[in-house]
Amino acid sequence: MLCSLPAMAYEVSVEAGANLYAIKYNEVKEDPSHDFSSVKGSAHAGIGVSRAFSDKHHLGIRLDVDRYDGNWFCGLRALDYQYAFSSRWRAGAFIGAASYDYRLPAYGLYYGATLERRNFLTENLSLVLDVKSGDTLTRNRRTEEGDRPSERPDIFVDILSGGISLRYHF
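Residues numbered from 1 in each chain as written. Predicted model: local features only at pLDDT ≥ 70, side-chain atom pairs only at ≥ 80, totals over all residues. Heavy atoms only, no water.

S.K.: What am I meant to see in the overall build of the protein here?
M.R.: Regarding its fold elements, the protein presents zero helices and eight strands. Helices (α) and strands (β) of the protein occur, in sequence order from the N terminus, as β-β-β-β-β-β-β-β. Buried positions account for 38% of the 170 residues belonging to the protein. Residue pairs at least 24 apart in sequence account for 56% of intrachain contacts in the protein once pairs closer than 6 positions are excluded. (Helix = DSSP H or I, 4+ residues; strand = E, 2+ residues; numbered from the N terminus. Buried < 20%, exposed > 50% of the residue type's maximum accessible area, 1.4 Å probe, protein only. Contact = heavy atoms within 4.5 Å.)

S.K.: For this particular structure, what's the right way to read the pattern of salt bridges?
M.R.: If charged atoms from side chains of opposite charge come close, those side chains can pair. Tallying each qualifying case throughout the model produces ten salt bridges. Here Lys-132 makes a salt bridge to Asp-66, at a shortest N to O gap of 3.6 Å. Of the two residues, Lys-132 sits in strand β7 (residues 125–140) while Asp-66 sits in strand β3 (residues 57–68), which places them 66 residues apart along the sequence. The burial state of Lys-132 is the same as that of Asp-66; both residues are buried. Linking Arg-77 and Asp-130 is a salt bridge whose minimum nitrogen-to-oxygen distance equals 3.1 Å. Within this pair, whereas Arg-77 is found in strand β4 (residues 71–84), its partner Asp-130 is found in strand β7, the two being separated by 53 residues in sequence. One exposure class covers both Arg-77 and Asp-130, and it is buried. (Salt bridge = Lys/Arg side-chain N within 4 Å of Asp/Glu carboxyl O.)

S.K.: Just to check I follow, could you spell out the environment of Ala-45 for this structure?
M.R.: Within the secondary structure layout, Ala-45 lies in strand β2 (residues 40–52). Taking the C-alpha atoms as reference points, Ala-45 and Arg-67, 22 residues apart in sequence, are found 9.6 Å from one another. If we ignore the near neighbours within four places in the chain, the residues touching Ala-45 are Glu-15, Ala-16, Leu-63, Asp-64, Val-65 and Asp-66.

S.K.: Could you clarify how one ought to interpret the side chain of Arg-77 in this entry?
M.R.: You can call Arg-77 buried: its relative accessible area is 0%. Side chain to side chain, Arg-77 and Asp-64 meet in a polar contact 2.8 Å long. Look past the residues within four positions of Arg-77 in its chain and what remains in contact with it is Gly-60, Ile-61, Arg-62, Asp-64, Phe-94, Ile-95, Tyr-110, Thr-114, Asp-130, Lys-132 and Arg-167. (Polar contact = N/O pair within 3.5 Å; in protein donor to acceptor, adjacent residues only side chain to side chain.)

S.K.: Looking at this model, I keep getting lost on the pairing of β4. Mind explaining?
M.R.: The side chains of a regular strand alternate, first on one face of the sheet and then on the other. Judged from the eleven bridges that link them, β3 and β4 form a sheet pairing that is antiparallel. Across the sheet, residue Gly-60 finds its bridge partner in β4, namely Asp-80. Counting the residues in the hairpin turn of β3 and β4 gives two residues, including Asp-69, whose phi is positive at 50°. Pairing analysis gives ten bridges linking β4 to strand β5 (residues 89–102), with the strands arranged antiparallel. Looking at β5, one finds that Tyr-81 is bridged to Ala-93. (Pairing = 2+ DSSP bridges.)

S.K.: Would you explain the packing of aromatic side chains in this entry?
M.R.: Given two aromatic rings, one states the distance between the centres and the angle between the planes to describe the pair. Under the defined criterion, the tally for this structure stands at eight aromatic pairs. Centre to centre, the rings of Tyr-25 and Tyr-102 are 4.6 Å apart; their planes meet at 35°, and the pair counts as tilted. Linking Tyr-25 in strand β1 (residues 10–26) with Tyr-102 in strand β5, this pair joins segments that are 77 residues apart in sequence. Taking 6.2 Å as the distance between ring centres and 10° as the angle between the ring planes, the aromatic pair formed by Tyr-100 and Tyr-102 counts as stacked. Residues Tyr-100 and Tyr-102 agree in their burial class; the two are buried. The structure contains a cluster of three or more aromatic residues connected by ring pairs, namely Tyr-21, Tyr-68, Phe-73, Phe-94 and Tyr-110. A cation over a ring is seen here: Arg-67 above Trp-72, with NZ or CZ 4.4 Å from the ring centre. It is Arg-77 that lies over the ring of Phe-94; its NZ or CZ is 3.9 Å from the centre. (Phe/Tyr/Trp six-rings, centres within 6.5 Å; stacked < 30°, edge-to-face > 60°. Lys NZ or Arg CZ within 6 Å of the ring centre and 35° of its normal.)

Right under this line is the structure:
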């Protein structure tokens with residue numbers, strides 16, 4: 001038997017909510033002349049699987065899908081850790097990878113922090129606050145028609161986002 005964990009040891013969850021976000025597009029990595037855009041709003045959705053590996057510690061994986069400036073953003077929380085302060089409150093951090101479909105896909109680091117209020121309104125519902133960053137998402141400039149040739153072949157995108165979601169646990 002490859003895995004001897006009971007079926008109930010894993011928790012599947014889905015979530016939906018809203019984000020406030022700002023984006024910085026850089027022609028040159030860490031160019032100080034470019035600043036973040038004004039704050040905008042967007043919808044958020046996610047699906048994940050987690051498992052408690054002690055009374056207080058939980059580890060999982062989650063896929064986040066957002067729409068920033070009319071473009072799709074997919075973030076994979078490859079390592080999604082949560083610490084349970086009590087039966088109702090959890091705080092956590094995550095790290096993974098992201099893809100932002102800005103004309104051509106841009107790929108990079110994805111990380112953030114989470115605060116979760118379990119048993120919100122019903123036993124299976126949580127209220128979740130997230131702070132997320134798509135850091136130095138990079139895409140190739142030269143392969144897209146209409147982009148001018150340049151000495152710098154890449155465009156960099158940074159995304160900061162904060163959100164609130166309702167998460168349903170199965």
